[in-house]
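Summary of the model geometry
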Amino acid sequence: MRYIEHDNVVRRMNGRNLVNKLFKSIFLLATLSALLALVILLYQIVSQGVNHLSFDFLVNYASRFPEQAGIKAALVGSIWLMLVVAPTSIILGVGSAIYLEEYAGKNRITTFIQMNISNLAGVPSVVFGLLGLTIFVRALALGNSVLAAGFTMSLLILPVIIVASQEAIRSVPGELRDASYGMGATKWQTIVKIILPAAIPGILTGSILALSRAIGETAPLIVVGIPVIIQFLPKGVMDTFTALPMQIYDWSSRPQPEFQQVAAAGIIVLMVVLLLMNSVAVIIRNKFEKRY
Amino acid sequence: MSTTNTIYNNGKTAELVKDDSTSSASKSVYDTQQLNLWYGDNHALKNIDLDIKQNEVTAIIGPSGCGKSTYLKTLNRMVELVPSVKTSGQILYRGRNIFDKDYGVEELRTRVGMVFQKPNPFPKSIYDNIAYGPRIHGIKNKKILDEIVEKSLRGAAIWDEVKDRLHENAYSVSGGQQQRICIARALAIEPDVILMDEPTSALDPISTLKIEELVQELKKDYSIIIVTHNMQQAARISDKTAFFLNGEVIEYDKTDTIFSNPSDKRTEDYISGRFG
Ligand SMILES: Nc1ncnc2c1ncn2[C@@H]1O[C@H](COP(=O)(O)OP(=O)(O)OP(=O)(O)O)[C@@H](O)[C@H]1O
Ligand SMILES: [Mg+2]
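Quick caveat: nothing in here was measured; it's all calculated off a predicted structure.

All names here are of chain A. For chain A, the assigned domains read domain 1 (6-49) and domain 2 (57-287). Each of domain 1 and domain 2 has a C-alpha centre, and these two points are 35 Å apart. Residue-level contacts link five residues of domain 1 with seven residues of domain 2. Buried surface at the junction of domain 1 and domain 2, summed over both partners, amounts to about 480 Å²; 79% is from carbon and sulfur atoms. Counting the surface domain 1 buries against domain 2, the share from its top three residues, I45, Q48 and G49, is 80%. Remark: the boundary between domain 1 and domain 2 carries zero salt bridges. Our count for the contact surface shared by domain 1 and domain 2 stands at zero residue pairs in polar contact (both at pLDDT 80 or more). Classifying every residue of the side of domain 1 that touches domain 2 by side-chain character gives three nonpolar, two polar and no charged.

What follows covers unusual backbone geometry. Residue and element names in this part refer to chain B. If you check the backbone angles, Q34 has positive phi at about 45° while not being a glycine. With respect to the helices, strands and loops of the structure, Q34 is situated in strand 1 (residues 28-39). Unusually for a residue other than glycine, E190 sits at a positive phi of about 45°. Tracing the backbone through its elements, the reader meets E190 in the loop between helix 8 (175-187) and strand 7 (193-197).

A separate point is the packing of aromatic side chains. Working definition: an aromatic ring pair is given by the centre-to-centre distance plus the angle between the planes. For the structure on display, the rule yields seven aromatic pairs over all chains. Centroid distance A:F23 to A:F27: 6.2 Å. Interplanar angle 40°. Geometry classified as tilted. Of this pair, A:F23 and A:F27 are both found in helix 1 (residues 6-49), four residues apart, which corresponds to roughly one turn of the helix. Here the basic side chain of B:R185 rests over the ring of B:F122, its NZ or CZ set 4.5 Å away from the ring centre.

The next thing to look at is the sheet that holds strand 3 (residues 57-61) of chain B. All names here are of chain B. Pairing is mixed in the open sheet, where six strands are placed in the order 6-7-8-3-9-10. Of all the strands in the sheet, the pair left with one neighbour each is strand 6 (112-115) and strand 10 (248-254). Between one strand and the next, the sheet's axes are offset by a mean angle of 15°, whatever the strand orientation. As judged from the five bridges shared by strand 7 and strand 8 (residues 223-227), these two strands associate in the parallel manner. Residue pairing in the sheet places I194 in a bridge with I224 of strand 8. Contacts from helix 3 (residues 68-75) reach strand 3, strand 6, strand 7, strand 8 and strand 9 (240-245), with the element oriented near 155° to strand 7.

Evaluated as defined, the whole model comprises one cavity of 30 Å³ or more. Estimates place the volume of the largest cavity at around 50 Å³. Around the largest cavity sit A:A179, A:G182, A:M183, B:G113, B:M114, B:F116, B:C182, B:R185 and B:A186, which together line it. Going through the elements one at a time, helix 7 (174-182) of chain A together with strand 6 and helix 8 of chain B are the ones with two or more residues in the lining of the largest cavity. Broken down by element, the residue count for the lining of the largest cavity peaks at three residues, all from helix 8 of chain B. Considered class by class, the residues forming the lining of the largest cavity number six nonpolar, two polar and one charged.

Our focus in this paragraph is the nonpolar core. Membership of the largest hydrophobic core comes to 48 residues, with the highest contact counts inside it found for A:I71, A:V85, A:I157, A:L221, A:F241, A:L244 and A:W251. Of all the elements in the fold, those that place two or more residues in this core are helix 3 (72-103), helix 5 (125-139), helix 6 (146-170), helix 8 (187-216), helix 9 (219-224), helix 10 (244-252) and helix 11 (258-287) of chain A. Discounting chain neighbours no more than four positions away, the residues touching A:W251 are A:F57, A:A69, A:G70, A:I71, A:F259, A:Q260, A:V262, A:A263 and A:G266. Among the nonpolar cores identified, the runner-up in size contains 44 residues, and B:I130, B:L145, B:I148 and B:L153 belong to it.

What counts and what doesn't
- Residues numbered from 1 in each chain as written.
- Chains lettered and ligands numbered in written order.
- Predicted model: local features only at pLDDT ≥ 70, side-chain atom pairs only at ≥ 80, totals over all residues.
- Heavy atoms only, no water.
- Domains from an automatic or database assignment.
- Contact = heavy atoms within 4.5 Å.
- Buried area = accessible area lost by both parts, 1.4 Å probe.
- Salt bridge = Lys/Arg side-chain N within 4 Å of Asp/Glu carboxyl O.
- Polar contact = N/O pair within 3.5 Å; in protein donor to acceptor, adjacent residues only side chain to side chain.
- Nonpolar A, V, L, I, M, F, W, Y, C, P; charged D, E, K, R; others polar.
- Helix = DSSP H or I, 4+ residues; strand = E, 2+ residues; numbered from the N terminus.
- Phe/Tyr/Trp six-rings, centres within 6.5 Å; stacked < 30°, edge-to-face > 60°.
- Lys NZ or Arg CZ within 6 Å of the ring centre and 35° of its normal.
- Pairing = 2+ DSSP bridges.
- Axes fitted to C-alpha atoms, helices over the stretch in contact; angles between N-to-C directions.
- 1 Å grid on protein atoms, 1.4 Å probe; cavity = no way out; pocket = protein on both sides within 12 Å on 5 of 7 lines; lining within 4 Å.
- Points joined across faces, edges and corners; volume = space filled by probe spheres on them.
- Core = buried A, V, L, I, M, F, W, Y, C linked by side-chain atoms within 4.5 Å.
- Buried < 20%, exposed > 50% of the residue type's maximum accessible area, 1.4 Å probe, protein only.

Here it is, written out as structure tokens:
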């Protein structure tokens, strides 16, 4: 007796192909609607903001008069913020990932830590703002400085970086570790010479995506008490500053309609910055393309 | 102590080995005594006694899951990377128990090279693959590294095929060539013993033949312990054969004897393909 009736299979083929096509169209539709929303959003922002966009906009400080308002303080402030956040979060994040993946044994405590890291990634950013306010601004008396805000943002994106780095480290084939240990390499040599080079594309891509989240976050900055109107640039990490999303938020909440255009111009600048960061991530991924 | 220094006293260890082999071919490299090993509750190796001789090829055969790889990985203590592993008994390597508290695993592994079942070159250039071992053991001089790379690749009979592409990625060559690069990489640390875990199981017949010829060549300078599922291969290339079954050594003897006149019924059944 045969289990597969080939005549039946042929007869049902049409129906199967139809279902196949149907789902293909449904998924295509889903993609297109997401794309459409994005296009509308972009169109609205660009059409509103493009008139206000100029070189002056980039080099002027904020102002009461919409036509004179510029984004200099916020742009430079965001760059300062990144200069603190990037090294802090990447060093701590990759360090934790290496510890968890390569050194820590699998026991209750590490499982507990692991679980909490994943949960932390889902905690609302305001909560991190409150944490930063209590620890960095008040307890460590850093005030509303670049450093305090940078540390707060680092905490916020740390879980994402840790998880991304862990995944990158875990995806390095075990055979490479075996080969290295088999030749008498120590754990540290194996990590530095084999594991990290193979994991670096994943680590950097994850980190840059996390950093682009940090550059667009507003809530923690508000809670930490970062001002909006600033007529000077920070000279060091202990100075106060303002950042792109803060500035945009402020402009868009002003009553004069002209400020909506200024806000849109600010959003364009923020998006260009994000685009640049994401391109760096893509370039890194392609450059380090690996083969196993 | 002095042990770590001798590794790169170019050729000295090899010479020493040769002298010994002419005087007494039966000097032992690895003397395993009452070795037991558990993965958690799984008793994977049971009361193993094996005396492995210098400048010989020792084949380990047996059905899947009988503990061949486990035994091989115990010889260079790679098995300890599995957290649940416990051992008892001792393995004397050149007279010294490798489980001794003050025996450094790194030291042991520079004397005992390993070749794995699947070719596993690093995602680096061929040159950097071979130079990896010497570099981690502190060799920085470019000229010495060049020499080691050439010597090792020649030793693994792959030099002519890759000498013009040393700086290409090691994954750009065929699987059989990759495996010989891995053998060359193991030779580069100038080991005393080479452990091979089914080194040809992922390869085509021609590459397999090349590696078998290579093993014959290498045993002049090294002692080789090889796990294989291929009975003909064991018969062709080994001097001694150990038959493992369920974590025990059933029979260990000259390869000729094992294949022509085994003393245990189970050995006979296995090599004649009646189970396994
Ligand atoms: N990492 C591990 N953790 C737990 N148990 C293991 C581990 N590796 C092997 N074992 C167990 O130890 C026993 C011996 O395994 P081993 O890999 O040594 O067999 P083998 O003889 O090499 O088999 P094969 O011919 O299939 O490679 C098996 O029962 C296996 O399930
Ligand atoms: Mg095996």
